[in-house]
Amino acid sequence: MDASVRRRLDHRPYAAAVLLGLSLAALLLAGVLPSLRMALLLAAFACAFTGGSLALWRLRRETRERRSADRERRVAEARFGNIVEAAMDPIVTVDDAQRIVVFNGAAEQVFGHARTDVLGQPLDVLIPERFRDVHRAHVAKFGETGTTSRRMGASVLRALRSDGEEFPIEASISQHVDRGRRFYTAIVRDVTARVEAENALRRSKEEMQQLGAAANATREQEKSRIARELHDELGQLLTMLQMDVAWCKDRQPADDAAFAGKLDRMEALLRTTIAATRRISSDLRPLMLDDLGLVPSLEWLVENFAQRTGIVCDLTIAERDLALTKSHATAIFRIVQESLTNIAKHAKATHADIVVECDGDALVVRVDDDGVGFSAQSPRKPHSFGLFGLRERASLIGGTVAITSVPGEGTSVELRVPREALAERV
Ligand SMILES: Nc1ncnc2c1ncn2[C@@H]1O[C@H](COP(=O)(O)OP(=O)(O)OP(=O)(O)O)[C@@H](O)[C@H]1O
Ligand SMILES: [Mg+2]
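The residue numbering used here restarts from 1 in each chain and proceeds along that chain's sequence as written. Working convention: letters from A go to chains and numbers from 1 go to ligands, in the order in which they are written. The model is predicted, so local features are restricted to residues of pLDDT at least 70 and side-chain atom pairs to those at 80 or more, both for listing and for counting; the totals for chains, interfaces and linings are taken over all residues.

*Asks:* How would you explain the overall build of the protein chain if you had to name every residue and give the values?
*Replies:* Counting from the N terminus, the helices are DSSP H or I runs at least four residues long and the strands are E runs at least two residues long. In terms of helices and strands, the protein chain carries 13 helices and 10 strands. Atoms counted for the radius of gyration: C-alpha only. Globule rule: 2.2 Å times the number of residues to the power 0.38. Computed over its C-alpha atoms, the radius of gyration of the protein chain comes to 46 Å, more than 25% above the 22 Å expected for a compact globule of 426 residues. Each principal axis of the C-alpha atoms in the protein chain carries an extent, and together these give about 175 × 60 × 35 Å. Taken over 426 residues, the protein chain has a buried fraction of 18%. Exposure is read from a count of other C-beta atoms within 10 Å of each residue's own; the residue is exposed at 12 or fewer, buried at 20 or more and partly exposed in between. C-beta atoms are placed from the backbone.

*Asks:* Quick one: what's the story with the nonpolar core, residue by residue and with numbers?
*Replies:* Ranked by size, the top nonpolar core spans 31 residues in total, and within it Leu298, Ile332, Ile335, Val336, Ala352, Val365 and Leu415 carry the most contacts. Of all the secondary-structure elements, those providing two or more residues to this core are helix H10 (294-309), helix H11 (326-347), strand S7 (351-359), strand S8 (362-369), helix H12 (386-396) and strand S10 (411-418). With C-beta atoms placed from the backbone, a contact is any residue pair whose C-beta atoms sit within 7 Å. Residues in contact with Leu298, not counting those within four places in the same chain, are Leu315, Phe333, Val336 and Val356. Here, a nonpolar core denotes buried Ala, Val, Leu, Ile, Met, Phe, Trp, Tyr and Cys residues that are linked to one another through C-beta atoms within 7 Å.

*Asks:* Describe the environment of Phe259, and please don't skip the residues or the numbers.
*Replies:* Note that Phe259 resides in helix H8 (residues 257-284). Not counting the four nearest positions on each side in its chain, Phe259 is found in contact with Gln252 and Pro253.

*Asks:* Outline the sheet that holds strand S1 (residues 91-94), listing residues and values.
*Replies:* Only when DSSP finds a minimum of two bridges between them are two strands counted as paired. The strand order across the open sheet formed by 5 strands is S2-S1-S5-S4-S3, and the pairing between neighbours is antiparallel. Each having just a single partner strand, strand S2 (100-103) and strand S3 (149-160) make up the two edges of the open sheet. Shown here is a sheet whose adjacent strand axes are inclined to one another by a mean of 25°, direction ignored. Where S3 lies against strand S4 (residues 166-178), 8 bridges are found, and the strand directions are antiparallel. Of the residues in S4, the one forming a bridge with Ala159 is Phe167. Only the stretch in contact is used when fitting a helix axis, every axis being a line fitted to C-alpha atoms; angles between N-to-C directions are given from 0 to 180 degrees.

*Asks:* An account of the site of ligand 1 is needed here, citing residue identities and associated values.
*Replies:* Nearness here is judged by the C-beta atom: place it from the backbone, and if it falls within 6 Å of a molecule or strand, the residue counts as near that partner. Taken together, the neighbourhood of ligand 1 is formed by 17 residues, with Asn342, His346, Ala347, Ser384 and Gly386 sitting nearest. Within the residue set of the shell around ligand 1, elements represented by two or more residues are H11 and H12. Per-element accounting of the shell around ligand 1 gives the leading share, 5 residues, to H11. Classification convention: Asp, Glu, Lys, Arg as charged; Ala, Val, Leu, Ile, Met, Phe, Trp, Tyr, Cys, Pro as nonpolar; all other residues, Gly among them, as polar. When grouped by side-chain class, the residues that make up the shell around ligand 1 number 7 nonpolar, 7 polar and 3 charged.

*Asks:* Describe the sheet that holds S7, naming the residues involved and giving the relevant values.
*Replies:* Strand pairing in a sheet takes place through backbone hydrogen bonds and is either antiparallel or parallel in direction. The 5 strands are arranged S6-S7-S8-S10-S9 in an open sheet whose pairing can be described as mixed. Here the strands that pair on one side only, and so sit at the sheet edges, are strand S6 (312-317) and strand S9 (400-405). Strand-to-strand twist in this sheet, taken as the mean axis angle between neighbours without regard to direction, amounts to 10°. Pairing geometry for S9 and S10, over 6 bridges, is antiparallel. The partner of Thr400 across the bridge, within S10, is Arg416. Each of S6 and S7 is contacted by H10, which is oriented at about 170° to S6, the strand it contacts most. Against the sheet, H11 makes contact with S7, S8, S9 and S10, and its axis sits at roughly 15° relative to S8, the strand it touches most.

*Asks:* Can you break down the packing of H10 against H11 residue by residue, with the values?
*Replies:* Packed helices, taken two at a time, are described by the angle between their axes plus the distance between the axes. Orientation of H10 relative to H11, taken along the N-to-C sense of each, is 10°, at an axis distance of 10 Å. With respect to their mutual orientation, H10 and H11 come out roughly parallel. Facing Leu294, Ser297, Leu298, Leu301, Phe305 and Thr309 of H10, the residues of H11 in contact are Ala329, Ile332, Phe333, Val336, Gln337, Leu340 and Ala344. Any angle that falls under 35 degrees is termed roughly parallel, while one over 145 is termed roughly antiparallel, one within 65 to 115 roughly perpendicular, and all others oblique.

Pasting the structure below:
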């Protein structure tokens, strides 16, 4: 009933009393009523009659309202029940003793229990034995917090099907108090398929990483073999040839200028060929990386880079005493090499800083330039694998690479390898 109408009806007894008083006074004055006593008698009778009918009317109204409220609540409960029943996700409600009082159709399908079998049963039937105590305590604690609803557990939880199979779930829990009793409702999601897909993806990523590591190692071995053969075999043969030319020059006829010119050209050609062989060999893989280690190789790489490109380079090696495995030394060397190649190819830089230092518990190798920079957010260019390879190599030795670049403000490539990762054999 409308509130204003109800207010008006509630004023009715007073209005009726005033009206009755006025009418009786008028009748008394007009002489229709013989005495005041008669008037008071009539008034008392009228009041009792009006009061009685008003009380009766109010009782009927309240009964009608209560019935209508009950009807509305039953309709709402039925509607709520239908929604719970039609929900795609399992919904399970337990009472304050953690006994199941609601178990919808989706719950029947996922848990494999018939509703009639679990209603009234402890929630434990849906939870693997080893988690039951913890779970019970969590639900009770949730009740004490007074929080209306929240996600259950930080990650995936385990549940139990009727056939004893465990499966992963995600769940949210809410609580409400109905007629003095506390109820907890969990909306559950069976995430078996998702967890399996995640596991498969993780396995495949690990396999890809192992494959990448094996491919890298094979490539490095191959490069190392070719570099050594170029250096040792071809280099030595060319040096012998150079000595032969020198022998010929010592014995050349004094008056044959054409012969002398030919020998000079042969000597120059041999010098160029020896230099080219050394360059190709070190570009493939500097043999000093295997023979002398990372620090001399970096010194050679940076000096060579500065000579070839004209970019001024500052190499700071704060940590020289690096006991690195061959694969760590190779990965770090290749990361610096690719960063320098990128500077030469893209940066238009005039200056580059290369730093090797220890920061807390990590070895840090940084290559900064003052070039044109690029937007690090832009998607990877097709067929560009350099930066991708940096990250891949870093993760293979247990490290990470951070690439920071702002257009117009240069680029910084920072490799960070924790000390414990350096100690591992890769
Ligand atoms: N130091 C740098 N300065 C400016 N731009 C850079 C720098 N390093 C990388 N870039 C930009 O990032 C892109 C991706 O670099 P990445 O090394 O992955 O590929 P790439 O050098 O083009 O090719 P690849 O290394 O496969 O031969 C480059 O094309 C370039 O636009
Ligand atoms: Mg590159």
